[in-house]
Amino acid sequence: MESTTRTARALAVSLVLGAILMAWVASGIGVTSPFEADDPGELSATYAVLGAWLVAYLLVAALAAIDAGRLARSGELDALQQSANLVKLVAIAFFALNFVVLAEAVAVTGSNDRDRFGLDGFAAALLFMVLTYVVLLPTSAYGVACLTQLRKFGQIGRTFFAINLVLHFLFVLDVLSGIVVVEVARDRLGTARRPSAVLRNLLAIVLAPGSAVAIVWLACVVIYYWFDPPASAFFWDGMQQLTISTPAEFFLLVLVPVVPLITFRAAVQLFLSDDVDALSRSARTVKLTMIPLFVQNFVLCVFVVAVVAFFPVIITRGALLEGGPLVLTVLGTIAAAGFVPALIGTYLMMLPTSIYSITCLILLARHRAISPRFFAIHLILQLVFVTDIISTLVIAHRVHQLQSTASRRTEPTAVLS
């Protein structure tokens, strides 16, 4: 079988070079000259370098599209899936850094456009989005060709084909769809592999240190506020250091989503191998492991929001509270300004922990082992704080019941096969 093609590797190299350029630009804007864009010469040089890279990239991308079409016509599904896998995964670094540059560029342009309400910032954002989308399209060439091959030989259904074809042209979702298509292709080729125990439990392994640190921090909080012992500077410094677990886990689960992507691939592999037991056990392990970390995160968010909201009151020694409804509205707005980012950040951390649970639900529904009502209710519960944990335990219990029933009938695969 043919491995990843040279053209696909060339496209991957182009994306790596693009990621390096994005890192250079991001550093120049946000570190070397923090949010300043006053040097026309430097800006022109930056635009020239990025423009040259974009032209070279589009030339390679055109060759990649031709290469994908060639592989599709010759029916080389293995080469297609390997090429699709390489290009999509390599592209992640570029698009992540590109988003950073986009945010910085919009902030700079908008802040320097005071007379027109930051309209130049919106124009810059629109331009960056269009150019980024142009870069995105070629990365889906091999995945789309892979989909057409699978559909041509009747190895996937129309719904699967249509949904994943659309997802291949959407930011972020294209990566998830790419993983699904690659794993389905490997399954049809007979080259699919079950995830190892380490990969299957990687998310829980990553969450465990953060939760362990969170438990110590929560214990210190309880000891201090419940028993009111004398606290030294060493104690307070230690308490502050222990709060590192939440931002560290946010970095690993959201900003650098390598672990969630590995988890997603493992879930897809378990789904294709019909291993509902491994899915339910992994889901339960992840959800139980994360509890202390999210409790700590909740306490910290409440504390930060309270400080932000009541700091003006403390400074004025309560005088602001006498200002009437308008002042209270302003304080509420300040609290919301601190609460909303904290909520969004926490939610983004929660989503990867529901990967196994949702995949398990889909597999149960596929085998009609649960009702559509059960599926819909628990799918919603998986996307809500606290109820996601309860839902996972209920799903795991349902899997255990189904397996017990099948075992008593002496037909272990009667329910889930």
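Everything discussed here concerns the structure shown above.
Predicted, not measured: the structure shown is a model, and the values here were computed from it.

Draft legend 1. Examining the environment of Ala145 more closely. Checked against the element boundaries, Ala145 lands in helix α5 (residues 141-152). Owing to a relative accessible area of 7%, Ala145 belongs among the buried residues under this scheme. Linking Ala145 and Leu77, residues 68 residues apart in sequence, is a C-alpha distance of 8.7 Å. Beyond its immediate chain neighbours, meaning those up to four positions away, Ala145 contacts Ala68, Ala72 and Leu80.

Draft legend 2. Local environment of the pattern of salt bridges. Summed over all chains, the structure comprises 10 salt bridges. Between Arg70 and Asp67 there is a salt bridge whose closest N-O contact spans 2.8 Å. Placement of the pair is Arg70 and Asp67 together in helix α2 (residues 40-73), with a separation of 3 residues, close to one helical turn. On the basis of relative accessible area, Arg70 is assigned to the partly exposed category, the value being 35%. Of the residues examined, Asp67 reaches a relative accessible area of 6% and is grouped as buried. Close ionic contact of Glu183 with Arg186 constitutes a salt bridge, the shortest N to O distance being 3.3 Å. Here Glu183 pairs with Arg186, and both are found in helix α7 (residues 173-189), just 3 residues apart, close to one helical turn. The structure contains a network of salt bridges with shared partners spanning Asp67, Arg70 and Glu76.

Draft legend 3. Here's a closer look at the packing of aromatic side chains. The full count for this structure, using the stated rule, is 5 aromatic pairs. Both rings, one in Trp53 and one in Tyr57, keep their centres 5.1 Å apart while their planes meet at 20°; by these two values the pair is stacked. Remark: Tyr57 and Trp53 occur in helix α2; sequence separation between them is 4 residues, near one turn of the helix. In this pair, the class of Trp53 matches that of Tyr57, namely buried.

Draft legend 4. Just unusual backbone geometry, in detail. Even without glycine at this site, Val172 takes up a positive phi of about 70°. Here Val172 lies in the loop between α6 (158-167) and α7. Val172 sits in the exposed class, given a relative accessible area of 62%. Located in the positive-phi region is Val386, a residue other than glycine, with phi close to 75°.

Draft legend 5. Here's a closer look at the packing of helix α9 (residues 202-227) against helix α11 (residues 245-255). Axis separation between α9 and α11 bottoms out at 9 Å; the angle between their running directions is 165°. Relative to α11, α9 is oriented roughly antiparallel. Crossing handedness for the pair α9 and α11: left-handed. On α11, the residues touching Leu203, Val206, Leu207, Gly210, Val213 and Ala214 of α9 are Ser245, Glu249, Leu252 and Leu253. For the contact of α9 with α11, the class distribution of residues is 7 nonpolar, 2 polar and 1 charged.

Conventions and cut-offs
- Residues numbered from 1 in each chain as written.
- Predicted model: local features only at pLDDT ≥ 70, side-chain atom pairs only at ≥ 80, totals over all residues.
- Heavy atoms only, no water.
- Helix = DSSP H or I, 4+ residues; strand = E, 2+ residues; numbered from the N terminus.
- Buried < 20%, exposed > 50% of the residue type's maximum accessible area, 1.4 Å probe, protein only.
- Contact = heavy atoms within 4.5 Å.
- Salt bridge = Lys/Arg side-chain N within 4 Å of Asp/Glu carboxyl O.
- Phe/Tyr/Trp six-rings, centres within 6.5 Å; stacked < 30°, edge-to-face > 60°.
- Axes fitted to C-alpha atoms, helices over the stretch in contact; angles between N-to-C directions.
- Parallel < 35°, antiparallel > 145°, perpendicular 65-115°, else oblique.
- Left-handed = near helix turned anticlockwise from the far one by under 90°.
- Nonpolar A, V, L, I, M, F, W, Y, C, P; charged D, E, K, R; others polar.

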